[in-house]
Amino acid sequence: MLENLFVGVADWLRSLLGGLGTPVEINEAIVMLVKLVAILVFILLNAAWLVYMERKVAAYMQARIGPNRVGPKGLLQPFADVGKLICKEIVIPRKADIVVFLLAPVLIFVPTVMVFAVIPFGKNMAAIDMNIGVFYLLAITSLSTLFLWMGGWASNSKYSLIGSMRVVAQMVSYELPLVLGLLGVIMIVGSLRMSDIIAAQEHVWFIFTQPIAFLIYFTAAVAETNRCPFDLVEGESEIISGPYTEYAGMAFAMFFMAEYANIMVICAMATIMFLGGWHAPFGLDFIPSWIWFFLKMYALIFIVMQLRWTYPRIRVDQLMGFGWKVLVPLALANIFITGVGMKIYQAIGW
Amino acid sequence: MFGQGLIKGLQITWKEFWTKKFTVQYPDEQHPVPERFHGRFVLDVDKCIACSLCANACPNKVINLKREKVGKKQFLTEYVMNIQYCMFCGLCVEACNKDALHFSQDFNMNQYFYRDIPLVLVRREAPAEPEEEQAGKTGEKPQRQAKAKKQAEPAAAEAAAGKDPGKEGQ
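Every value quoted in this text rests on a predicted model; they were computed, and no experiment measured them.

S.K.: Where do I start with the overall build of chain A in this structure?
M.R.: Along chain A, the regular secondary structure elements total 15 helices and 0 strands. Sorting the 350 residues of chain A into buried and exposed places 41% on the buried side. Summarising the internal contacts of chain A: among those between residues at least 6 apart in sequence, 78% fall at separations of at least 24.

Spelled out as structure tokens, the structure:
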């Protein structure tokens, strides 16, 4: 029952619409729309509560309590914050390129939301099971560089410009180890479809067969979302807030929420590619698959937050050096070893 | 090398995550205050002889006291501290010969209105009749003290009414 909760809801909706006598195509379109809206609401609520989680994690690691006044245990804090930010004026700098300036925070959410359409949250729970799912996800997520650059350029401020130049430099150079890290898994599976990749991990998760690839992917992904220790895009102590410097009110909140939604994307992706997706470990099948998926995803999100409150920010030259001199060669070596290993296994017919 | 320091750092933050939290949620709970804390002043009206040594000792001229002569004795009618100028140095408490002036442990003295800031410790009318005079001459010591206490009781009540602690901390 619980296992097929969401699938059941979709089927119930389909049969309900079937009873109305409308054409099947329209029914399918409505079901798809409901799925996508549900995912959208889920992302937005989650992004809001991840801010709360971040503050709580930070507080607990510093022996504080964190937000605890608004609502029970402070759980309504993000909504109070969003309410405040909506009420605030969106200040537009005088020499800003107004159209681009206002377009950037609107568009920043688009790639993130698009990506969630292909992520399988549980057994048969992907809104769209695309046969090039991984490729689609990588292609779309790299778009967010563009919108951060738009925001930074249109602000017409030196801090925004420096920050957005760092965004471009950092995200483009870490895109490479990210993709190369995933390539090892894709070579083993031989498919870009996410459900195939998860199905291939039924017995052994890829984190055990591809540990180096996981580390490379995770490091590059943290850098890709501009999180500490790679947060020199924001770099509060150097360039105020990077591309977000000139943004106020809800425009700033959009960037902020997009950051957390992106963390969700990379952690969901790591879960799918390396942690076996919805598969239950140790045969604990009685817990529904989607709960397992979320447990793994949130564990990774916790690690991302822990990284932020553990490590200091690295320098720009260290960032570039680490990306190009360590991660990329490691990823290439990993691909080489994976290829050789696969051939050896094929030769001995295992 | 090879990320040993990174793992060590993660171990430390992981350990810290589960430690006891130090936050004291102030209005609901308070840190215990040391015994000799310099908080709000308390005047023991019975002991006070209105000698104004405390007012003289004060470097900031915070203490304003008024006294009237009732019979042969000085009678304290008003004891107001302009607490906004007080630096809680404690010279007045040290200067008190009769050990009448004390610190309490209450530090929450903020007021909503400026006019409420001065700390009114005593404000009372002097009795017209020096009723103590004869008793003081003839009576024995315990009797005198008992009488003085009787007189002080309404005074203490007035002092409490003059300064409502319930209004503080708003």
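S.K.: For this particular structure, what's the right way to read the interface of chain B and chain A?
M.R.: With 10 residues of chain B at the interface, the matching set in chain A holds 9 residues. For the side of chain B that touches chain A, the per-class residue count stands at 4 nonpolar, 4 polar and 2 charged.

S.K.: Can you help me understand unusual backbone geometry in this one?
M.R.: Where the residue is not glycine, phi is negative for most of them; where a peptide bond is considered, it is trans in most cases. Residue and element names in this part refer to chain A. In this model, A63 sits at a positive phi of 60°, which is unusual for a non-glycine residue. Considering the arrangement of structural elements, one finds A63 in the loop between α2 (24-61) and α3 (77-87). Take A63: there are 13 C-beta atoms within 10 Å of it, and that puts it in the partly exposed class. Phi at N156 takes a positive value of approximately 60°, unusual for a residue other than glycine. Along the chain, the position of N156 falls in the loop between α7 (144-154) and α8 (158-189).

S.K.: Where do I start with the confidence of the model for chain B in this structure?
M.R.: Detail in the predicted coordinates should be disregarded across regions flagged by low pLDDT. All names here are of chain B. Mean pLDDT for chain B: 77, with 75% of residues reaching 70 or above. Confidence scores differ between elements of chain B, with helix α5 (residues 141-162) showing the lowest mean pLDDT of 46 and helix α3 (residues 91-95) the highest of 91. For the stretch residues 136-163, pLDDT sits under 50, and the model shows 23 contacts to residues farther than four places along the chain or on other chains. Here the predicted complex scores 0.78 on pTM and 0.74 on ipTM.

S.K.: Which parts of the structure should I look at to understand helix α13 (residues 249-274) of chain A?
M.R.: The α-helix advances 3.6 residues per turn, and as a result positions three or four apart in sequence lie on the same side. All names here are of chain A. Its 26 residues give α13 an end-to-end C-alpha distance of 38 Å, which sits within 8% of 38 Å, the value for a rise of 1.5 Å per residue. Burial analysis of α13 places 24 of its 26 residues in the buried class, which makes it a mostly covered element. Downstream of α13 by one or two residues, G276 has phi in the positive range, about 80°.

Cut-offs applied
Residues numbered from 1 in each chain as written. Chains lettered and ligands numbered in written order. Predicted model: local features only at pLDDT ≥ 70, side-chain atom pairs only at ≥ 80, totals over all residues. Helix = DSSP H or I, 4+ residues; strand = E, 2+ residues; numbered from the N terminus. Buried ≥ 20, exposed ≤ 12 C-beta atoms within 10 Å, placed from the backbone. Contact = placed C-beta atoms within 7 Å. Nonpolar A, V, L, I, M, F, W, Y, C, P; charged D, E, K, R; others polar. pLDDT = per-residue confidence, 0-100. Expected span 1.5 Å × (residues − 1).

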